[in-house]
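Chain and residue survey
Spelled out from the first residue to the last, the chains are:
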Amino acid sequence: MARILLTIALLFSLALPGMAQDVDAPASGATDPRAATGGAQTLDDILARQRGEEVPSRERSEDPDSAGAMAGQLGSLGGSSDSEVWSALRFGTADVTVSAGGAPARVLIQDRGMWWLEFREGPLTTYGGWLLLGTLALLAIFYVIRGRITIDGRKTGRTVTRFGAAERFTHWLMAGSFILLGITGLLVLMGRQFIIPTFGHEAFSTVAIGSKWIHNNVSWAFMLGIILSFFFWISHNIPNKTDLKWLAVGGGIFKKGVHPPAKKFNAGQKVIFWSVILLGGSISVSGLSLLFPFEMPMFAKTFAILNETGLPQTLGFGALPTQLAPHEEMQFAQLWHSIVSFVLMAIIIAHIYIGSVGMEGAYDAMGSGEVEEQWAREHHSLWLEELEEEGKLPDTSKAATPAE
Ligand code: HEM
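Since the structure is predicted, the reported quantities are computational estimates derived from the model, not experimental observations.

Criteria and cut-off values
- Residues numbered from 1 in each chain as written.
- Predicted model: local features only at pLDDT ≥ 70, side-chain atom pairs only at ≥ 80, totals over all residues.
- Helix = DSSP H or I, 4+ residues; strand = E, 2+ residues; numbered from the N terminus.
- Buried ≥ 20, exposed ≤ 12 C-beta atoms within 10 Å, placed from the backbone.
- Axes fitted to C-alpha atoms, helices over the stretch in contact; angles between N-to-C directions.
- Left-handed = near helix turned anticlockwise from the far one by under 90°.
- Contact = placed C-beta atoms within 7 Å.
- Nonpolar A, V, L, I, M, F, W, Y, C, P; charged D, E, K, R; others polar.
- Near = placed C-beta within 6 Å.
- Parallel < 35°, antiparallel > 145°, perpendicular 65-115°, else oblique.
- pLDDT = per-residue confidence, 0-100.
- Core = buried A, V, L, I, M, F, W, Y, C linked by C-beta atoms within 7 Å.

What follows concerns the overall build of the chain. Across its full length, the chain carries 17 helices and three strands. Looking at the chain as a whole, 25% of its 404 residues qualify as buried.

Two numbers describe how helix α8 (residues 165–233) lies on helix α10 (residues 267–291): the axes approach to 10 Å, and their chain directions differ by 145°. Crossing of α8 against α10: the hand is left-handed. Residues Asn216, Ser219, Met223, Ile226, Ser229, Phe230 and Trp233 of α8 touch α10, and the partners they reach there are Phe273, Val276, Ile277, Gly280, Gly281, Ser284, Gly287 and Leu291. When its residues are assigned to classes, the contact of α8 with α10 shows eight nonpolar, seven polar and no charged.

Residues in contact with the ligand amount to 21 residues; listed here are only the nearest, Ala175, Gln269, Ile272, Gly355 and Ala365. Taken together, the elements giving at least two residues each to the shell around the ligand come down to α8, α10, α13 (326–355) and α14 (363–367). Partitioning the shell around the ligand into residue classes produces 14 nonpolar, six polar and one charged.

Attention shifts here to the packing of α10 against α13. Where α10 meets α13, the axes come as close as 9 Å, and the angle between the chain directions of the two elements is 150°. On the basis of their axis angle, the class for α10 and α13 is roughly antiparallel. Read as a crossing pair, α10 and α13 show a hand that is left-handed. Across the interface between the two elements, Ile272, Ser275, Leu279, Gly280, Ser282, Ile283, Ser286, Gly287, Ser289 and Leu290 from α10 touch Met330, Ala333, Gln334, Trp336, His337, Val340, Ser341, Val343, Leu344, Ile347 and His351 from α13. Partitioning the contact of α10 with α13 into residue classes produces eleven nonpolar, ten polar and no charged.

A separate point is the confidence of the model for the chain. Confidence in the prediction of the chain, expressed as mean pLDDT, is 85, and 81% of residues score 70 or more. Low pLDDT, under 50, characterises residues 1–30; the stretch is placed with 39 contacts to residues that sit more than four places away or in other chains.

Inspection of the secondary structure puts Glu373 in helix α15 (residues 373–379). Among the residues examined, Glu373 registers 23 C-beta atoms within 10 Å and is labelled buried. For the pair formed by Glu373 and Thr156, sequence separation is 217 residues and the distance between their alpha carbons is 6.4 Å.

If you check the backbone angles, Phe294 has positive phi at about 70° while not being a glycine. By the element assignment, Phe294 lies in the loop between α10 and α11 (299–309). By C-beta crowding, Phe294 is classed as partly exposed, having 15 other C-beta atoms within 10 Å.

Right, let's get into the environment of Gly182. Relative to the helices and strands, Gly182 is located in helix α8. In this structure, the C-alpha to C-alpha distance between Gly182 and His215, residues 33 residues apart in sequence, is 8.5 Å.

It is worth spelling out the nonpolar core at this point. Residues Phe178, Phe222, Ala333 and Leu344 are the most contacted members of the largest nonpolar core, which totals 19 residues. Put simply, the parts of the chain that give this core at least two residues each are α8, α10 and α13. In terms of residues, this core owes the most to one element, α13, which gives nine residues. Judged by nonpolar contacts, the second largest core, of twelve residues, contains Ala262, Val371, Leu384 and Leu387.

Within the secondary structure, Ser368 sits in the loop between α14 and β2 (370–372). Along the chain, Ser368 and Arg162 lie 206 residues apart, while their C-alpha atoms are 9.1 Å from each other.

Dropping the structure here:
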């Protein structure tokens, strides 16, 4: 315990402005840089120790103003460092006791914190941003080449009920909340880099506080949305053989006039559904872990399970760490939350495209809930046949204006 107190005292002593100056720039004429630090260890000492060289213990300076003397009042080692204590603190094996704050407060040094920060501000932001821009660019190119997917056959003027009010409410609850979460999440992640240089710190502060508030509170609506849509649509999303035929012709979206048969949801929509449930579910769980800091550590346990499968080792990552500091757990939760969100955002951008400008007649399904019968025949022929067989079509098909 005394050693740990000493170490903390040393940290403070090294942080003294006068000291820092002396360490950076040795006093002119001084042959031993430690003379300038009152006998406390110098930067040279630290570097030498890192190179594995032997650094002798320093005598405590008699100068009452020196850091060595100050640190020395707190322990027997004076201003010298103890690499074992540092190492124990750094790797989380030191026996630290605190009077409040629990496990997180016992972490005095968090070794991997800088790696996380650099990854978050570097590759995560860069590749995530490019993924979204790349998706938008690909969709724009697709639109230019393929154009809007139109209803090929003659419109009947009759409509079929595709989604009831409760399903549409669920969809828009999920969609509205996801869009808000996506925008505010991106602002929290990237705002510092993009808003501060252009609009300044004040503006970023307001945006960040607002975004965080919206993000934290709207998350509940998204979670409710995915739970409800799971129960509404799970029965239509079990993969079957028809999906393989649909996938074999790319759903017919690349070629005009190609319409592979499909039930209520085709294979493409099943991919969207399961992405929302699985990726959205994973984003929700990691989000809850961020919302309640240090309360829901889950990565050490997950890594242990993964290690048992041998998968990380096979993929060349080696065994994943199973001893994580509470802060590391939070850092992994943040990274996972963001990476999976970027993937789901890219998928949803493509979904929004096909559900709006990309395909004639699709939006009505979630707008009014009624779709043109010919649209249903082309994109969901097996579903329409089922409705006919069940005798549901006459009731739900409404004669509208005659087909043009
Ligand atoms: C403004 C944005 C959006 C539009 C215009 C839109 C449009 C649509 C449409 C038209 C459908 C019905 C397709 C059909 O009848 O076959 C649909 C279904 C669906 N939407 Fe959206 N949507 C949007 C945003 C979202 C978001 C943000 C999510 C989830 C995070 C989402 C998840 C789903 C799911 C799971 C389905 C059922 C499976 C499917 O049809 O792909 N939607 N959407």
